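Coordinate analysis (summary)
Listed below are the residues making up each chain.
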Amino acid sequence: VLHRALTFAVRFAALTLLLASPVVGQPPEPAPSANRWVREDIAVEFSARPVGGQGELREGNFAEVEFRITDAATGRPLRSLAPGAWMDIGQPVAAREKAPLDCRQKMSLYLSGRIGIRPMLDLNSYFVLTLNRESSISVVDPYVGMPGKTYVFAHIPLSRPGADWAKTADHKRLFVTIPRSREVAVVDTEGFKVSTRVPVGGTPMRIVLQGDGRYLWVGDDSAETGRSGVVVIEAGTLEIAGRIPTGRGHHEIALSPDDRWAFVSNRDEGTVSVIDVARLAKIKDVKTGPQPIALAYSRSNQALYVADGKSGEIAVLDGRRHEVAARIAAKPGLGPMRFTEDGRWGFVVNSEENAVHIVDSANNRMAHTVRVGGRPYSLALTRAFAYVRSLDSAQVSMIPLSEVGREQPPAVKEFAAGTERPGAASGIAVAGPIVPAVVEAAVMVANPADGNVYFYMEGMMAPMATFRNWGHRPSALEVVNRSLKEIEPGVYQTTVRLPLAGKYDVGFVLNSPRLLHCFVADVALNPALARRGPPLEIEYLVSDRRVSVGGDVTLAFKLTDAATQRPRTGLGDVRVVYYMAPGRERIAAPVREVADGVYETTVTLREAGAYYVYVAVPSVEVQFADLPFLSLIAETGGQPVRGRAAN
Amino acid sequence: MRRALLVFPVLVLIPALAAAGNLSEAERRGQRIYLEGQGRGSITARLVGPGLTAPGSAFPCASCHLDEGPGVREGGVRAADITHATLTKEFPGVRPSGRAHGPYTDETLKRAVTAGRDPGGNLLHEAHPHYVMNAEDLEDLVAYLKVLGQEPVPGVSDTEIRVGILLPDGGPLEAAATAVRDLLQVYFEELNDQGGVYRRKLRLVPARFDPLRPASAAAAARDLIDGQDVLCLLANLGVPPEDEGLALLAAANVPVIAPLQIAVRPPDGADDHTFHIYATVDDQARVMVDFVAAATEGSLARVAILHATDRIGTAGAAGARQQADKHGLMVVVEVPFAAGRLPAAESVRLLREARTDTVLFFGPGTDAVAFLHEAEREQWRPPFLAPAPMVGATVLSTASELTRTVFLSSPVAILDVQSRDAAPFLALLAKFGTPGEYSSFHVAAYAGAKLLEEALRRSGREVTRHRLVQALGSLWAFPTGVTPLLTYGRSRRVGALGAQILTIDVERQGLIVAAPWREPQ
């Protein structure tokens with residue numbers, strides 16, 4: 001909790017630092033009065049409204065932030081744009097001094113990607129979630145652009161290790177199967193907490209959320225024959241809508257794109273059960289082979305592909321008649337199978353043959369078999385590549401989709417995601433270790449053996465960044481996207497939680513054509529939030545916040561009782577922490593009282609950069625995030641110091 | 001220098017054929033409202049956000065909900081899935097639309113269209129316009145919405161895709177037509193042996209017409225569309241240029257792939273459903289002028305344009321004129337003439353008087369030969385350029401001293417029979433014809449078949465005419481093995497947009513490449 005608070009505070013600090021810096025040059029822009037702005041024939045209309053309600057925006061509540069982008073002349077929506085946006089508090093309600101602001105100036109700073117300079121709310125952020133073997137989920141803020149460094153944004157404890165997970169289309173909820181607790185944990189990704197635990201019984205393993213979001217399908221791998229099957233959960237209410245025994249063995253689950261049919265494999269039964277979703281009733285068991293090990297539905301062929309681990313065959317089930325329409329021969333050892341988004345090419349790993357087979361759904365023939373060594377066990381697809389993870393190799397293999405279907409088999413490329421082979425870690429999860437990143441043409445890869453998450457961008461020789469997971473061993477990854485999404489033609493929206501009351505600058509950027517504009521949003525104080533502010537007020541007795549690098553700096557601050565406005569003397573547990581943006585190496589410094597209510601500490605700023613100083617007094621329940629902090633700039637030669645990533 | 005014998009069809013232009021599937025009248029009218037925003041009465045769209053009113057045609061349903069009705073598509077755009085199955089589905093709690101409501105009925109569907117409210121009374125997102133239309137149009141639209149996304153697709157059954165081809169019965173192109181049909185039959189057989197396309201076999205449905213009877217081709221086309229149930233047409237040839245059927249075909253939206261005829265570039269958007277392999281006559285004219293400009297480097301800057309007054313001759317002349325302007329070549333004289341009736345002696349006199357250096361010719365081969373004879377008689381031998389598809393066969397058959405200064409533009413790049421790429425084509429050819437002997441008809445028909453196969457693969461099992469057109473229109477640098485790479489786009493319906501320049505090898509009765517295949521500058 002402290003960590004989160006600090007993380008948030010750091011962001012806020014970075015911002016305030018900027019705001020408080022003297023602005024040289026042009027006077028600040030006048031605040032635009034309207035929320036519609038037109039430039040170069042493009043109209044941008046900004047709105048922010050409370051989620052699920054009317055009225056004003058209030059601190060602590062969620063808001064839907066929306067940009068409607070249209071052709072100014074015709075009113076036609078402009079589609080498929082990738083706007084960027086930020087929200088910064090321009091003027092906190094409780095601000096003592098009115099700092100001069102320049103929204104545009106701030107935005108160009110954010111765009112330059114400098115370390116430690118981040119807005120309060122980045123409307124284009126995303127998080128990487130790692131399903132750890134230590135009964136937890138780590139939430140990593142990848143902060144792309146800062147190689148080699150990251151921090152864990154939040155940590156979500158689970159009752160036991162999770163096996164598989166599925167998220168809602170809006171990325172707001174994540175459902176995690178926990179076999180040893182016989183439950184499904186529901187993670188609220190706004191607050192990154194387990195909000196509900198759904199006891200499903202049995203051995204819940206595979207979990208799939210159907211396309212329209214209505215039902216969660218949970219494979220129950222119970223050994224009891226009469227029980228082994230699927231549990232169907234109403235995703236909205238989390239009530240169990242049905243239990244459908246389908247047969248023995250592990251269950252893989254696939255749905256037709258229209259959510260009419262659910263397909264459940266029964267590994268030890270050699271069958272695939274077909275379930276009518278509208279009636280939640282099994283209508284058929286189809287014998288597909290001795291060991292159905294993977295299911296993949298081809299949208300283009302409207303057919304279900306069933307890979308069999310033992311026979312090495314892929315059975316093709318007609319999506320309407322549910323009969324085996326074709327069989328494609330491969331070799332025993334088949335594992336997970338996936339189709340390209342259009343459904344044309346099916347990729348299936350073969351761990352015994354050290355190969356990946358590529359099936360052409362247009363004619364149900366094997367188009368290629370490419371060699372991928374080290375016992376491949378998992379695969380993921382982006383628009384450009386199929387990524388394959390092997391148990392016995394730290395290398396991730398990449399098969400370029402553009403080369404699939406040609407006369408020559410595609411040339412496999414590789415990069416190393418760590419140095420240890422994933423197989424060195426025991427207990428590989430059902431969920432996959434590779435997930436496409438939110439940014440185009442990039443993936444995140446977990447290495448359960450070394451505990452790291454690797455960020456790889458297509459075209460590079462090696463991962464761009466490594467995210468350490470603080471001693472946890474991630475077996476699977478997910479991504480929670482907080483970016484603006486085009487929810488309707490020309491309407492780009494996201495949901496944010498408004499941390500503070502005040503007047504916000506809402507920066508909006510479009511790349512092509514290059515447009516940059518600032519809107520304004522007002523957020524009211526929330527009477528529902530207890531107004532018990534901290535019992536203390538703080539005043540930093542600092543004349544110049546620009547200090548030289550390397551030396552010790554003595555800081556004094558005065559603590560006042562908020563109610564009586566009298567100095568608080570004799571506080572024995574005043575604590576100070578400070579660190580350099582973006583939050584590494586938190587250092588605690590000793591504090592002494594030097595006068596009535598005046599306390600002093602010494603900080604050492606070893607590197608050039610932005611530093612943040614926080615004060616807490618646990619005895620009066622004042623935490624680090626409760627009091628305003630102090631920002632310092634450590635610089636050399638009197639020049640403002642730039643972050644390492646500065647260009 | 002590579003050589004090959006090329007034979008070209010008489011040029012004809014061919015717009016699209018069409019039919020509207022097996023919809024009821026009401027559904028068909030509703031489809032028009034859905035796709036084009038036009039009904040029997042007037043339709044307007046009120047945009048709630050900006051508070052504007054616009055004609056319905058500016059905001060047809062399909063522009064957001066897309067042609068088949070399902071929601072999420074390109075670019076992450078999320079418009080609601082409005083297929084009937086989804087709209088009428090029971091769904092407790094919040095639907096993917098973000099709203100909670102019961103299943104739609106006809107009445108609530110109408111209210112959604114006109115008042116922007118769902119069955120629960122919730123406002124649709126304000127991006128959804130409120131439409132104003134009369135009750136009849138609303139009925140039609142609802143009728144169509146019920147079948148949206150599941151309309152029967154012409155020519156597509158559970159096991160088969162039917163592809164039509166228009167062929168002349170008799171006339172000079174009969175043999176070529178038979179050869180093309182044979183090639184396509186063998187191509188389809190091979191494809192079917194390989195598993196077909198998405199568990200369906202391809203079937204060629206030939207429709208013969210009498211090229212000498214004016215209404216015959218139209219009748220055959222109508223029969224193909226209405227009676228024979230075809231998804232698309234492939235490699236049509238020999239349809240007379242002024243055949244009345246062409247107008248009928250153009251109105252309907254049947255995809256036509258690789259018509260084996262030279263074409264005129266249609267006005268933008270006029271014919272979205274015809275996909276040509278080779279450059280139109282105007283683009284060929286541009287390549288001819290580029291060739292003249294490069295060869296003369298300004299020293300021979302006085303060109304004359306001779307052109308027939310039919311549509312193709314006029315288009316060729318227009319292309320030449322524009323490109324000459326671009327290069328700063330001077331068009332010293334233009335002689336328009338009725339096709340087949342060039343006043344040769346008069347023309348030669350006019351051109352010589354204008355001190356013409358180079359002749360650009362767009363008309364029938366007989367007129368070209370007449371001109372060349374007359375010039376020869378006057379012992380005047382200027383470079384003479386013409387599109388091979390217009391004059392080729394006639395000029396070639398009279399190859400002699402007369403044709404030594406003739407340059408032909410050919411949109412067809414000469415096939416390198418030694419190349420690996422061409423091997424599948426030659427292997428296929430060997431299965432039904434004389435090995436090694438082929439014409440440009442074979443090449444173009446084969447390229448068309450490759451194109452169709454690829455587009456069908458990209459369309460998926462749920463192929464529709466619309467999806468097929470989308471798939472064709474998004475092909476980029478597609479290799480057929482026998483043509484330059486084919487690229488299509490939103491406003492590009494010619495795959496290999498370019499030409500090469502050939503000269504005639506008089507001794508060997510063949511063609512020699514004077515300038516390799518290239519796109520116009």
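Residues numbered from 1 in each chain as written. Chains lettered and ligands numbered in written order. Predicted model: local features only at pLDDT ≥ 70, side-chain atom pairs only at ≥ 80, totals over all residues. Heavy atoms only, no water.

**Overview of the overall build of chain A**
What counts is decided by this rule: Numbering of helices and strands starts at the N terminus; helices are DSSP runs of H or I of at least 4 residues and strands are runs of E of at least 2. Contacts were defined at the residue level, with two residues in contact if any of their heavy atoms lie within 4.5 Å.
In terms of helices and strands, chain A carries two helices and 51 strands. For chain A, restricting intrachain contacts to residue pairs at least 6 apart in sequence, the fraction spanning at least 24 positions comes to 54%.

**Description of the interface of chain B and chain A**
Operational definition: We define buried area as the total accessible area lost by two parts upon association, computed with a 1.4 Å probe and summed across both. Salt bridge, as used here: a side-chain nitrogen of Lys or Arg that lies within 4 Å of a carboxyl oxygen of Asp or Glu. Any pair of N or O atoms that falls within 3.5 Å is considered a polar contact. Within protein, one atom must be able to donate a hydrogen and the other to accept it, and sequence-neighbouring residues count only if both atoms are side-chain atoms. Polar here means any residue outside two lists: the nonpolar Ala, Val, Leu, Ile, Met, Phe, Trp, Tyr, Cys and Pro, and the charged Asp, Glu, Lys and Arg; Gly therefore counts as polar.
Across the boundary between the two partners, chain B contributes 35 residues, which contact 37 residues of chain A. Interface area, chain B with chain A, both sides summed: about 2,900 Å², of which 42% is carbon and sulfur. At the junction of chain B with chain A, the criterion picks out five salt bridges. Linking Asp 318 of chain A and Arg 199 of chain B is a salt bridge whose minimum nitrogen-to-oxygen distance equals 2.5 Å. The interface formed by chain B and chain A holds 14 residue pairs in polar contact (both at pLDDT 80 or more) in total. When residues of the side of chain B that touches chain A are traced back to their parent elements, those giving at least two are helix 2 (62–65) and helix 15 (440–459) of chain B. A breakdown of the residues in the side of chain B that touches chain A according to their chemical character gives twelve nonpolar, ten polar and 13 charged.

**Digging into the sheet that holds strand 34 (residues 434–436) of chain A**
All names here are of chain A. As a reminder, the rule being used: Each pair of strands is called paired provided DSSP finds at least two bridges between the two strands. Interaxial angles span 0 to 180 degrees and are taken between N-to-C directions of axes, which are lines fitted to C-alpha atoms, for helices over the stretch in contact.
Pairing within the open sheet is antiparallel, and its four strands lie in the order 34-35-36-37. Looking at the sheet topology across the chains shown, the edges are occupied by strand 34 and strand 37 (465–467). Across the sheet, the mean angle separating the axes of adjacent strands is 25° when strand polarity is ignored. In this sheet, strand 35 (residues 442–447) lies alongside strand 34 in antiparallel orientation, the contact comprising three bridges.

**Some thoughts on the nonpolar core**
Residues and elements named next belong to chain B. Where we set the bar: Here the nonpolar core consists of buried residues drawn from Ala, Val, Leu, Ile, Met, Phe, Trp, Tyr and Cys, with membership extended through side-chain atoms lying within 4.5 Å. Any residue under 20% of the maximum accessible area for its type is buried, any over 50% is exposed, and the rest in between are partly exposed; the area is computed with a 1.4 Å probe on protein chains only.
By size, the foremost hydrophobic cluster in this structure holds 61 residues, and its most contacted members are Leu 184 and Leu 452. Elements supplying a minimum of two residues to this core: strand 4 (160–168), helix 6 (174–193), strand 5 (201–209), strand 6 (232–234), strand 8 (274–278), helix 14 (423–430), helix 15 and helix 16 (465–473). The biggest single contributor to this core is helix 15, with eleven residues. Those residues within four positions of Leu 452 in sequence are excluded, and the remaining contacts are Val 163, Phe 188, Leu 202, Cys 232, Leu 234, Ile 257 and Leu 468. Counting 58 residues, the second largest nonpolar core, distinct from the first, contains Ala 317, Ala 354, Ala 386 and Val 406.

**Some thoughts on the environment of Arg 566 of chain A**
All names here are of chain A. By the secondary structure assignment, Arg 566 is in the loop between strand 45 (552–561) and strand 46 (575–580). Each C-alpha atom, one on Arg 566 and one on Val 274, is 74 Å from the other, the two residues being 292 residues apart in sequence. The residues contacting Arg 566, other than those within four sequence positions of it, are Leu 559, Thr 560 and Asp 561.

**Regarding the sheet that holds strand 29 (residues 365–371) of chain A**
All names here are of chain A. Strand order in this open sheet of four strands is 26-27-28-29, and the pairing throughout is antiparallel. In this open sheet, the two strands that pair with only one neighbour each are strand 26 (334–339) and strand 29. Strand after strand, the sheet turns through a mean of 20° between neighbouring axes, direction not considered.

**Things to note about helix 16 of chain B**
All names here are of chain B. Most of helix 16 sits out of view: seven of its nine residues are buried. Turning to helix 16, its buried residues are Arg 465, Arg 467, Leu 468, Val 469, Ala 471, Leu 472 and Gly 473. Structurally, helix 16 contributes buried residues whose contacts are with strand 6, strand 7 (256–257), strand 8 and helix 15.

**Quick notes on the packing of helix 9 (residues 281–296) of chain B against helix 10 (residues 311–327) of chain B**
Residues and elements named next belong to chain B. The criterion, for reference: Handedness of each helix crossing follows the sense of rotation of the near helix against the far helix: counterclockwise by less than a right angle gives left-handed, clockwise gives right-handed.
Contact pair helix 9 / helix 10: the axes reach a minimum separation of 7 Å and the direction vectors enclose 35°. In this structure, the crossing between helix 9 and helix 10 has a hand that is right-handed. The segment helix 9 lies against helix 10, with Val 281, Asp 282, Ala 285, Arg 286, Val 289, Asp 290 and Ala 293 engaging Ile 312, Ala 315, Gly 316, Gly 319, Ala 320, Gln 322, Gln 323, Ala 324 and His 327.

**Comments concerning the confidence of the model for chain A**
For any part of a model where pLDDT is low, the fine detail of the predicted coordinates should not be relied upon. Residues and elements named next belong to chain A. Where we set the bar: The predictor attaches a confidence to each residue, called pLDDT, with possible values from 0 through 100.
In the predicted model, chain A carries a mean pLDDT of 83, and the fraction of residues at 70 or more is 85%. Scored below 50 in pLDDT, residues 92–100 makes 13 contacts in the model with residues more than four places away or belonging to other chains. Across residues 638–647, confidence stays below pLDDT 50; counting only partners more than four residues off in sequence or on other chains, it has 18 contacts.

**Thoughts on the packing of aromatic side chains**
Here is the rule: In summary, the pairing rule links any two rings of Phe, Tyr or Trp, Trp by its six-membered ring, whose centres are within 6.5 Å, and it sorts them by plane angle into stacked for under 30 degrees, edge-to-face for over 60 and tilted for everything else. Think of it as a cone above the ring: NZ of Lys or CZ of Arg counts as a charge over the ring if it is within 6 Å of the ring centre and within 35 degrees of the ring normal.
Within the structure shown, the criterion is met by 23 aromatic pairs over all chains. Residues Phe 67 of chain A and Phe 519 of chain A carry aromatic rings whose centres are separated by 6.1 Å and whose planes lie at 50° to one another, so their mutual orientation is tilted. Of this pair, Phe 67 of chain A sits in strand 4 (residues 62–71) while Phe 519 of chain A sits in strand 42 (residues 515–524), and the two are 452 residues apart along the sequence. Overall, the relative accessible area of 0% leaves Phe 67 of chain A in the buried class. Through a chain of ring-to-ring contacts, three or more aromatic side chains come together here, namely Phe 337, Phe 361, Phe 371, Trp 380 and Phe 384 of chain B. For the cation-ring pair, Arg 76 of chain A lies above Phe 59 of chain B, with the distance from its terminal atom to the ring centre recorded as 5.9 Å. Here the basic side chain of Arg 214 of chain A rests over the ring of Phe 91 of chain B, its NZ or CZ set 5.9 Å away from the ring centre.

**As for the confidence of the model for chain B**
For chain B, the average pLDDT comes to 85, and 89% of its residues sit at 70 or higher. The low-confidence segment residues 1–21 of chain B, where pLDDT is below 50, has 95 contacts with residues more than four positions distant or belonging to other chains.

**Here's the deal with the environment of Thr 189 of chain A**
All names here are of chain A. Its location among the elements puts Thr 189 in the loop between strand 12 (183–188) and strand 13 (193–199). Counting along the chain gives 50 residues from Thr 189 to Val 139, while the straight-line C-alpha distance between them is 9.5 Å. Among all residues touching Thr 189, those that are not within four sequence positions of it are His 171, Lys 172, Arg 173, Leu 174, Val 480 and Arg 482. Polar contacts involving the side chain of Thr 189 include one to the main-chain carbonyl oxygen of His 171, which spans 2.5 Å.

**Some remarks on the pairing of strand 25 (residues 324–329) of chain A**
Residues and elements named next belong to chain A. Relative to strand 25, strand 24 (residues 313–318) runs antiparallel, the two sharing five bridges. Note on strand 25: the bridge partner recorded for Leu 317 is Val 324. Between the antiparallel neighbours strand 24 and strand 25 lie five residues, among them His 322 with a positive phi of about 55°.

**Section: the pattern of salt bridges**
Within the structure shown, the criterion is met by 53 salt bridges over all chains. A salt bridge links Arg 32 of chain B to Glu 36 of chain B; the shortest N-O distance between them is 3.4 Å. Taken together, the residues span about one helical turn, with Arg 32 of chain B and Glu 36 of chain B both in helix 1 (residues 25–36) at a distance of four residues. Given the relative accessible area of 37%, Arg 32 of chain B is considered partly exposed. A salt bridge links Arg 404 of chain B to Glu 401 of chain B, with the nearest nitrogen and oxygen atoms 3.0 Å apart. Overlapping salt bridges, with partners in common, bring together Asp 318, Arg 321 and Glu 323 of chain A together with Asp 158, Arg 199 and Arg 461 of chain B in one network.

**Re the side chain of Thr 168 of chain A**
Tracing the sequence through the fold places Thr 168 of chain A in the loop between strand 10 (164–167) and strand 11 (173–178). Apart from residues lying up to four places away in sequence, Thr 168 of chain A is in contact with Arg 173, Phe 175 and Leu 209 of chain A.

**Quick word on the environment of Met 107 of chain A**
Residue and element names in this part refer to chain A. Residue placement: Met 107 occurs in helix 2 (residues 103–111). Distance from Met 107 to Ser 256, taken between C-alpha atoms, is 44 Å for residues 149 residues apart in sequence. When near neighbours in sequence (up to four residues on either side) are disregarded, Met 107 contacts Trp 86, Gly 507, Phe 508, Val 509, Leu 516, His 517 and Cys 518.

**Observations regarding the side chain of Glu 183 of chain A**
Note on placement: Glu 183 of chain A falls in strand 12. Since its relative accessible area comes to 6%, Glu 183 of chain A is described here as buried.

**Regarding helix 9 of chain B**
Note: α-helices contain 3.6 residues per turn, so residues at a spacing of three or four share the same orientation. Spelled out, the test is: What a helix is expected to span follows from its residue count: subtract one and scale by 1.5 Å.
Between its first and last C-alpha, helix 9 of chain B extends 22 Å over 16 residues, near the 22 Å set by a 1.5 Å rise per residue. Counting buried positions along helix 9 of chain B gives 14 out of 16 residues, so the element sits mostly inside the fold.

**Overview of unusual backbone geometry**
In the Ramachandran plot, Asp 41 of chain A falls in the positive-phi region, its phi being about 70° despite a non-glycine side chain. Residue position: Asp 41 of chain A is located in the loop between strand 1 (36–39) and strand 2 (42–50).

**Some remarks on the pairing of strand 22 (residues 292–298) of chain A**
All names here are of chain A. Of all the seven residues making up strand 22, seven are buried; the element is thus mostly covered by neighbouring parts of the structure. Sheet analysis places strand 22 next to strand 23 (residues 303–308), joined by six bridges and oriented antiparallel. Paired with Pro 292 across the strands is Asp 308, a residue of strand 23. Hairpin connection from strand 22 to strand 23: four residues lie between these consecutive antiparallel strands, with Gln 302 at a positive phi of about 45°.

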